[in-house]
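Geometric and topological summary
Chain by chain, the residues:
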Amino acid sequence: YQELQERTAEVGVVNAELQTLIDTANAPIFAIDEKLEVTVWNRKISELTSIAQDTVKGRTISSLLNPLFAGEHSSSKSGETAAGAAPGAEMGAGDGGAVCSGAGSSSVAIAVTEVLEQALKGERCTCFDLELRSRVHGRPIQLQVSVEPKRDSDGRIVGAVCVGEDVAVRRR
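The text that follows walks through the structure, step by step, so that each part is easy to find. (Residues numbered from 1 in each chain as written. Predicted model: local features only at pLDDT ≥ 70, side-chain atom pairs only at ≥ 80, totals over all residues. Heavy atoms only, no water.)

With that settled, consider the overall build of the protein chain. Looking only at helices and strands, the protein chain features 5 helices and 8 strands. The buried share among the 172 residues of the protein chain stands at 40%. The long-range fraction of contacts in the protein chain, counting pairs at least 24 apart against all pairs at least 6 apart in sequence, stands at 54%. For the protein chain, the computed accessible surface area is about 9,100 Å², with 52% contributed by carbon and sulfur atoms. (Helix = DSSP H or I, 4+ residues; strand = E, 2+ residues; numbered from the N terminus. Buried < 20%, exposed > 50% of the residue type's maximum accessible area, 1.4 Å probe, protein only. Contact = heavy atoms within 4.5 Å. Areas by Shrake-Rupley, 256 points an atom, 1.4 Å probe, with all protein chains shown as cover.)

By the element assignment, Ser46 lies in helix H2 (residues 43–49). Assessed through its relative accessible area of 13%, Ser46 is described here as buried. Within polar-contact distance, the side chain of Ser46 engages the backbone oxygen of Ile51 at 2.7 Å. Excluding anything up to four places from it in sequence, Ser46 contacts Trp41, Ile51, Ala52 and Gln53. (Polar contact = N/O pair within 3.5 Å; in protein donor to acceptor, adjacent residues only side chain to side chain.)

A few words on the pattern of salt bridges. Tallying each qualifying case throughout the model produces 6 salt bridges. The salt bridge partner of Arg124 is Glu148, with a shortest N-O separation of 2.6 Å. Remark: Glu148 occurs in strand S7 (residues 140–151) and Arg124 occurs in the loop between helix H4 (105–120) and strand S6 (125–134); sequence separation between them is 24 residues. For Arg124, a relative accessible area of 48% gives the class partly exposed. Between Arg156 and Asp152 there is a salt bridge, with the nearest N and O atoms lying 3.0 Å from each other. What emerges from the salt-bridge pattern is a single network uniting Arg43, Lys44 and Glu47. (Salt bridge = Lys/Arg side-chain N within 4 Å of Asp/Glu carboxyl O.)

So far we have only geometry, and geometry alone does not tell us how the molecule works.
Set out below in structure tokens:
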């Protein structure tokens, strides 16, 4: 019994350390569950989108997509365009935080959802380009996002983790 308590405490410490690493990473990170509901929204993605962390958890990723688009989207696996990728597919928020640019919200919602649904089927996407525009700052935010399936301790897929890089910073 005491050994079980000690192991449980160890797992709690490791989980807290991982949560701190995710939250303080200088990369935008978010995760979704099987219902495409946000489970993780780190400080950096919150900072870039101006969407507070405490307002997104439990919301579907599609509820964060903004219908105002005017940019370009591409998704690729090993350098090829993924099936279902549509021009203008970019991610944003409909709650005043960020707006996106693109051809149309339905193609954006479909493309982003398709990439996430593919991750829920076990496929990874190593290069998904997103362009955000912060409503607060008005500046464009260009991200390159990798999407990986998230698995539980039994190896079952329970969601997807998205880790991005602000490519505009790299180009400066």
